[in-house]
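Structural characterization, general
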Amino acid sequence: MKKLTIQEIANATHARILAANLEEAQQKTICHVTQDSRQAGEESLFVPLKGKNSDGHDYLKSCMEKGVAACFTEREMTPENGCVLLLVENARAAMLQLAKYYRSLFDIPVVGITGSVGKTTTKDMIASVLSQKYNTLWTLGNFNNDLGVPLTLFRLEESHEAAVIEMGMSHFGEISRLSRTAEPSMGVITNIGYSHIENLKTQEGILQAKLEILDGMAADAPLIVNGDNALLAPLKRNLPRPVITYGM
């Protein structure tokens, strides 16, 4: 990850900087973002996420004590030990906002992939092909949610020439947020099946949720879909953008 100043981060996330010396804090830099306090170090930004049974804010004090550079916080508190606190309304949302800003610093093609099944295999195949010619970043494992996508984007380096980002979801709105963060240059939808139909009600609902990948794409960016899938094939004539089909 290339270095970002605290002021850049504050601007991207609409955060208020809490620091003993504001001018000095604004110029401080980080080159690592993590939600794991055990991995946070002197050049890290720690993101305290809330889960069902835990709250990352419980680790803010220990992060400050061990000299972590900066932390997001949803609670107004006094910074300690030279740590800079960035007060935000929602740390998870701020992480996505920062990842969107960081992605904008790279003028490279980004392939976004979603679908009911086969996302990870398709991602690995596309990344394997691209990496034959380009220095390519791709999603590790199935890090495809609102935590995994930003962490993947933060792995971008100046040397990268392309990226392949997998996007998963279980409810409406999730792919939209991920796509607006990653801003794919092209999108891929592997198929429309029955995964998460309990939340999305119908296959047409699943299609609608998967098409949210378009929300972060330019109007003329191509969409690549499985032409053997009955719900995806009609997109070639129904969408006002280039649609490329593949299949048997």
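With respect to helix 4 (residues 91-104)
Note: α-helices contain 3.6 residues per turn, so residues at a spacing of three or four share the same orientation. Look at helix 4: 20 Å from first C-alpha to last across 14 residues, which is about the 20 Å you get at 1.5 Å a residue. If you check which residues of helix 4 are buried, you get Ala91, Ala94, Met95, Leu96, Leu98, Ala99, Tyr102 and Arg103. Structurally, the start of helix 4 carries an N-cap: the backbone nitrogen of Arg92 is 3.0 Å from a side-chain oxygen of Asn90.

Considerations on the nonpolar core
The nonpolar side chains of soluble globular proteins are, as a tendency, buried together. Within the largest apolar cluster, 60 residues are counted, with the highest numbers of intra-cluster contacts made by Phe72 and Leu86. Among the elements that make up this core, the one with the highest residue count is helix 4 (seven residues). If you look at the next biggest cluster of nonpolar residues, it comprises eleven residues, including Leu18, Met64, Val68 and Leu85.

Considering the pattern of salt bridges
If you walk through the whole model with that rule in mind, you get eleven salt bridges. Here Lys2 ties to Glu158 by a salt bridge, and the two come within 2.9 Å at their closest N and O atoms. Taken together, the residues Lys2 in the segment before strand 1 (4-5) and Glu158 in the loop between helix 6 (148-153) and strand 10 (162-166) connect sequence positions 156 residues apart. Using a relative accessible area of 23% as the deciding quantity, one classes Lys2 as partly exposed.

Remarks on the sheet that holds strand 12 (residues 223-226)
Two strands in a sheet stick together by hydrogen bonds in their backbones, pointing the same way (parallel) or opposite ways (antiparallel). One open sheet holds the six strands; their spatial order is 9-10-8-11-12-13, and the pairing between them is parallel. Two strands close off the open sheet at either side, each with one partner strand: strand 9 (136-138) and strand 13 (243-246). Neighbouring strand axes in the sheet, compared pairwise and without regard to direction, differ in orientation by 20° on average. With three bridges connecting them, strand 9 and strand 10 associate as parallel partners. Paired with Thr136 across the two strands is Ala162, which belongs to strand 10. Sheet contacts for helix 5 (residues 119-130): strand 8 (110-114), strand 9, strand 10 and strand 11 (186-189); angle to strand 10, the most-contacted strand, approximately 175°.

Regarding unusual backbone geometry
Peptide bonds are trans in most cases, and residues, glycine excluded, mostly fall at negative phi. One non-glycine residue, Glu183, lies in the positive phi region at around 45°. With respect to the element layout, Glu183 can be found in the loop between helix 7 (174-182) and strand 11. Taking relative accessible area as the criterion, Glu183 reaches 28% and is therefore assigned partly exposed. Of note in the backbone geometry, His196 takes a positive phi value of approximately 65° without being a glycine. With respect to the element layout, His196 can be found in the loop between strand 11 and helix 8 (197-200).

Rules used in this analysis
Residues numbered from 1 in each chain as written. Predicted model: local features only at pLDDT ≥ 70, side-chain atom pairs only at ≥ 80, totals over all residues. Heavy atoms only, no water. Helix = DSSP H or I, 4+ residues; strand = E, 2+ residues; numbered from the N terminus. Expected span 1.5 Å × (residues − 1). Buried < 20%, exposed > 50% of the residue type's maximum accessible area, 1.4 Å probe, protein only. Polar contact = N/O pair within 3.5 Å; in protein donor to acceptor, adjacent residues only side chain to side chain. Core = buried A, V, L, I, M, F, W, Y, C linked by side-chain atoms within 4.5 Å. Salt bridge = Lys/Arg side-chain N within 4 Å of Asp/Glu carboxyl O. Pairing = 2+ DSSP bridges. Axes fitted to C-alpha atoms, helices over the stretch in contact; angles between N-to-C directions. Contact = heavy atoms within 4.5 Å.

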